[in-house]
Amino acid sequence: MFCYMLNIHLILIFIVNICQGIERPLVIGHRGSAYLPELTLESQSIAHAYQADMVEIDVCLTRDNQLIVIHDLYLNAVSNVKDIYPNRSRSDGYHYVIDFDLNELRNLTIHERIIPFTNTQVYPARFPSSSSIPFHLATLNETIELLLGLSHSTNQQYQLLIEIKNPEYHSQYNTSISSILISTLQAYNLTESHHPIVIQTFHIEDLLYIRENLNSRLRLIALLTWNHLNESSSNFDFYRSEEGLQKLKTFVQAIAPNMELLVNFAADGSIINVTNLTVLAHKYNLAVYPWTFRHDTYKGNFEQLINFFHRTVQVDGFITSQPDIVIELLEKKI
Amino acid sequence: MFVFVLFFYYLEICQGLQRPLVIGHRGVAYLPELTLASQSMAHAYGADMIEIDVCLSRDDQLIIIHDTYLDGVTNIREMFSNRNRSDGRNYVIDFTLEELRILTVRERVNPSTNVQVYPLRFPSKSIVPFRLSTLNETIELLLGLNHATGKQRQLLIEIKQPEYHVLYNKSISKIVIETLNAYNLTRSSDPIIIQTFNIEELMHIRYNLHSQLRLFALMTVYQAGVSVSDYDFYRSEEGIRNLSNTVQALAPDHVLVVDYDINGEIIGTSDLTKWAHQYNLNVYPYTFRKDLFPGSSFEKLVEYFWHIAQVDGFITDHPDVILQLLQNYTTFNTTSSTTLSTTFNTTSSTTLSTTINTTLNRSSTNFLHLFLLITTFLFTSIQRSELYF
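It should be emphasised that the depicted structure is a prediction, and the values quoted were computed from it without experimental measurement.

K.L.:
Which residues make up the overall build of chain B, and what values do they have?
P.N.:
Scanning chain B for helices and strands turns up 14 helices and eleven strands. When burial is assessed residue by residue, chain B has 54% of its 389 residues classed as buried. Intrachain contacts of chain B at a sequence separation of at least 6 include 67% that bridge at least 24 residues. Here chain B has roughly 17,500 Å² of accessible surface; of this, 53% comes from carbon and sulfur atoms.

Have a look at this one:
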């Protein structure tokens, strides 16, 4: 009798585990992860070790048209550029990536983000910005080779989500950063929708250009935010509307909105209600990947936040600096 | 009956808390050995310790590298054409730190043939510019990651060939201790352990340099005239008793812990672990490399060392694999097949909105067990009480 009950118990556990184990939203490691200086090869590597499905990176252009993996258009928040090239700043005091050649940028060391011209670390709980470890800027080529090599050696494929930073700014220098990106990816035979590369940017018209003029078949994501922030000249009010989403559907696969476009937050970080953006996006078969879920800076209960976006808002994935924490929360059984 | 069942349940929980240690050998197998990226991955996978090797440069800087020469893991031959010795190799001790900094590190190749030693690993031809790091940087990486993640991992520092460094009038151990002192890493409670194959050097560190750090004695198969220490003596009962005054654990080649037949099958366990435990020493054999064991034989190997040989931990290139195996084995029921504890491999899908298969969360599985156990008990009780009507 006991053995019989035990076997039923085991079978039930097995079935329940299978059902619960099958699906969870995608987890995207923002700039790699929070635990090492952003966007370094080391930060990308540990995002993969933490089982992030995708690693999100940013690219900007150098003076000699090389794609550098960096978030800001300037170098002062994450590098020692002002010590190495004291005379190369612009009148605003900042050193801009586009004013340097790749071989010059290779001389810099990278550290955890600080407020430029201070010694104040932006995220105090993270890797010490005063550490003497010589992290380096990576190029897109190196990042791609890390993706391919690491997916091969671990036998676990992860994907790269490449954000093109400010294409319109780069156009002022007579370069099409999107074209250079597509060419670089082509050199690695990364061209199809099933390849582990996805491209996103705030300039929606560049996504249209990539799809229709460059004829790329890669998956594209539309970053969405508020117009007044001037991330690009795109009219996000339009693209968030039903008509806008319908148009987006013709050339992108997903939207990546600021999470505050999906829910309304109170001052203490708690959630008041849900907007209709996710429902509308899903109506047009667009996946939704909000950003950025930061465990170390969120004021409310992080577990409740993730749960809410998972169960109530029903987003398709999370862009987060702590992919390990989000994965653990998503896999927790209720 | 219910007590019996509950007993097994609690046994599972206890086993889960006391699993053997997992030590990431040279970081992990998935990236070029000993690079900061490789060490970072070991930390992220949850390895309790990260094992690294140190050698000295010409200007007395501690370089994280396994070989005393550079040709296996760097592009030294492309950067320097006339600095090799007569055996064709370029030795770390012939270069300054500044010179070593310009090298790039890649996945290990055989220097004579340029063939990758472990073909399944990171491509040695990749252009990703990994670099050699120093002990200072490695210490800062550990402390910084411990701080940022809130997880306290430890560093196991192997001092390579002290007797070779002595020929150059260098005391590598002294420089290691001084570097650790500079970071206030001096006590047995600090997250640093030192190991070496030179047993007499361990005595020197303990009694002449007066270090209080934990020490492990590396051991290999004794070869007269070749081995720096008499491992046949040190793995005897008397030798182990002798060692127990000085070190906290043994790190033996796995062939000293179990007996293998000619086909590589395990036929028995040696007395080494028994004696070590008798004298309160832990045992951490090396090196468990999954890519050398096809099929499920790696799993069986780990299980043998854990349950039969009863070692205290594993030095492995694949800490993630062993951690997963150790978690999987600690399931409740004694009659289960391995399907219950199978993890689902993560495979990415092509469409963005498709979600991924996941591995099971252990603690939630426990709650499920408890719930179903209680229902089982209640159901059984109800059945029994009916018999009395």
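Moving on from the model shown.
K.L.:
Hey, could you go over the pattern of salt bridges for me, with residue numbers and the actual values?
P.N.:
All names here are of chain B. Scanning the model with the defined rule gives 35 salt bridges over all chains in all. In this structure, Arg 121 and Asp 317 form a salt bridge, with 2.8 Å as the shortest nitrogen-oxygen distance. Placement of the pair is Arg 121 in the loop between helix 4 (97-100) and helix 5 (135-149) and Asp 317 in the loop between strand 11 (313-316) and helix 13 (319-329), with a sequence separation of 196 residues. Taken individually, Arg 121 and Asp 317 each receive the classification buried, so the pair is uniform in this respect. In this structure, the salt-bridge partner of Asp 232 is Arg 235, at a minimum N-O distance of 3.2 Å. Taking the relative accessible area as the measure of exposure, Asp 232 reaches 38% and is therefore partly exposed. The class for Arg 235 is partly exposed, based on a relative accessible area of 29%.

K.L.:
Let's hear about the UniProt feature "domain: GP-PDE" (unreviewed entry) in chain A: which residues, and what values?
P.N.:
The positions that UniProt labels "domain: GP-PDE" (unreviewed entry) are, in the present scheme, residues 25-330 of chain A. In residues 25-330 of chain A, helix accounts for 31% and strand for 17%; the two terminal C-alpha atoms are 8 Å from one another.

K.L.:
Residues and numbers for the packing of helix 12 (residues 302-313) of chain A against helix 13 (residues 323-331) of chain A, please.
P.N.:
All names here are of chain A. Closest axis-to-axis distance for the helix 12/helix 13 pair is 10 Å, and the angle between their directions is 65°. Pair helix 12 / helix 13 crosses with right-handed handedness. The segment helix 12 lies against helix 13, with Phe 302, Glu 303, Ile 306 and His 310 engaging Ile 325, Val 326, Leu 329 and Leu 330. Class assignment for the residues of the contact of helix 12 with helix 13 results in six nonpolar, one polar and one charged.

K.L.:
Give me the lowdown on the side chain of Ser 124 of chain B, citing residues and values where you can.
P.N.:
Residues and elements named next belong to chain B. Along the chain, Ser 124 falls in the loop between helix 4 and helix 5. Given the relative accessible area of 11%, Ser 124 is considered buried. When sequence neighbours within four positions are dropped, the list of residues in contact with Ser 124 reads Arg 106, Glu 107, Val 109 and Gln 116.

K.L.:
Any details on the packing of aromatic side chains? Residues and values, ideally.
P.N.:
Within the structure shown, the criterion is met by 24 aromatic pairs over all chains. Summarising the aromatic geometry, the rings of Tyr 74 of chain A and Tyr 96 of chain A are spaced 6.3 Å apart at their centres and angled 75° between planes, so their arrangement reads as edge-to-face. In this pair, Tyr 74 of chain A sits in the loop between strand 3 (67-69) and helix 3 (81-84) while Tyr 96 of chain A sits in the loop between helix 3 and helix 4 (102-105), placing the two residues 22 residues apart along the sequence. What makes Tyr 96 of chain A buried here is its relative accessible area of 13%. By way of ring pairs, the aromatic residues Tyr 74, Tyr 94, Tyr 96 and Phe 117 of chain A are connected into one cluster. Against the face of Tyr 96 of chain A rests Arg 90 of chain A, its NZ or CZ located 4.2 Å from the ring centre. The ring of Tyr 69 of chain B has Arg 89 of chain B lying over it, and the distance from NZ or CZ to the ring centre is 4.1 Å.

K.L.:
How would you sum up the nonpolar core? Please name residues and give values.
P.N.:
One finds Leu 248, Ile 255 and Phe 309 of chain A together with Val 54 of chain B to be the most contacted residues of the largest nonpolar core, which totals 195 residues. Dropping the residues within four chain positions of it, Leu 248 of chain A is found in contact with Ile 204, Ala 222, Tyr 239, Ile 255 and Leu 286 of chain A. Judged by nonpolar contacts, the second largest core, of eleven residues, contains Leu 156, Leu 218, Ala 251 and Ile 315 of chain B.

K.L.:
Lay out the layout of surface pockets in plain terms, naming residues and giving numbers.
P.N.:
Residue and element names in this part refer to chain A. Of the pockets and cavities examined, the second largest pocket occupies roughly 910 Å³. The wall of the second largest pocket is formed by 39 residues, among which Arg 31, Asn 258, Trp 291, Thr 292 and Arg 294 lie closest to the centre. Of all the secondary structure elements, the ones that give two or more residues to the lining of the second largest pocket are strand 2 (54-61), strand 5 (159-164) and strand 6 (197-201). Its residues assigned to classes, the lining of the second largest pocket shows 17 nonpolar, eleven polar and eleven charged.

Thresholds applied
- Residues numbered from 1 in each chain as written.
- Chains lettered and ligands numbered in written order.
- Predicted model: local features only at pLDDT ≥ 70, side-chain atom pairs only at ≥ 80, totals over all residues.
- Heavy atoms only, no water.
- Helix = DSSP H or I, 4+ residues; strand = E, 2+ residues; numbered from the N terminus.
- Buried < 20%, exposed > 50% of the residue type's maximum accessible area, 1.4 Å probe, protein only.
- Contact = heavy atoms within 4.5 Å.
- Areas by Shrake-Rupley, 256 points an atom, 1.4 Å probe, with all protein chains shown as cover.
- Salt bridge = Lys/Arg side-chain N within 4 Å of Asp/Glu carboxyl O.
- UniProt positions renumbered as here; feature names shortened; annotations may be inferred.
- Axes fitted to C-alpha atoms, helices over the stretch in contact; angles between N-to-C directions.
- Left-handed = near helix turned anticlockwise from the far one by under 90°.
- Nonpolar A, V, L, I, M, F, W, Y, C, P; charged D, E, K, R; others polar.
- Phe/Tyr/Trp six-rings, centres within 6.5 Å; stacked < 30°, edge-to-face > 60°.
- Lys NZ or Arg CZ within 6 Å of the ring centre and 35° of its normal.
- Core = buried A, V, L, I, M, F, W, Y, C linked by side-chain atoms within 4.5 Å.
- 1 Å grid on protein atoms, 1.4 Å probe; cavity = no way out; pocket = protein on both sides within 12 Å on 5 of 7 lines; lining within 4 Å.
- Points joined across faces, edges and corners; volume = space filled by probe spheres on them.

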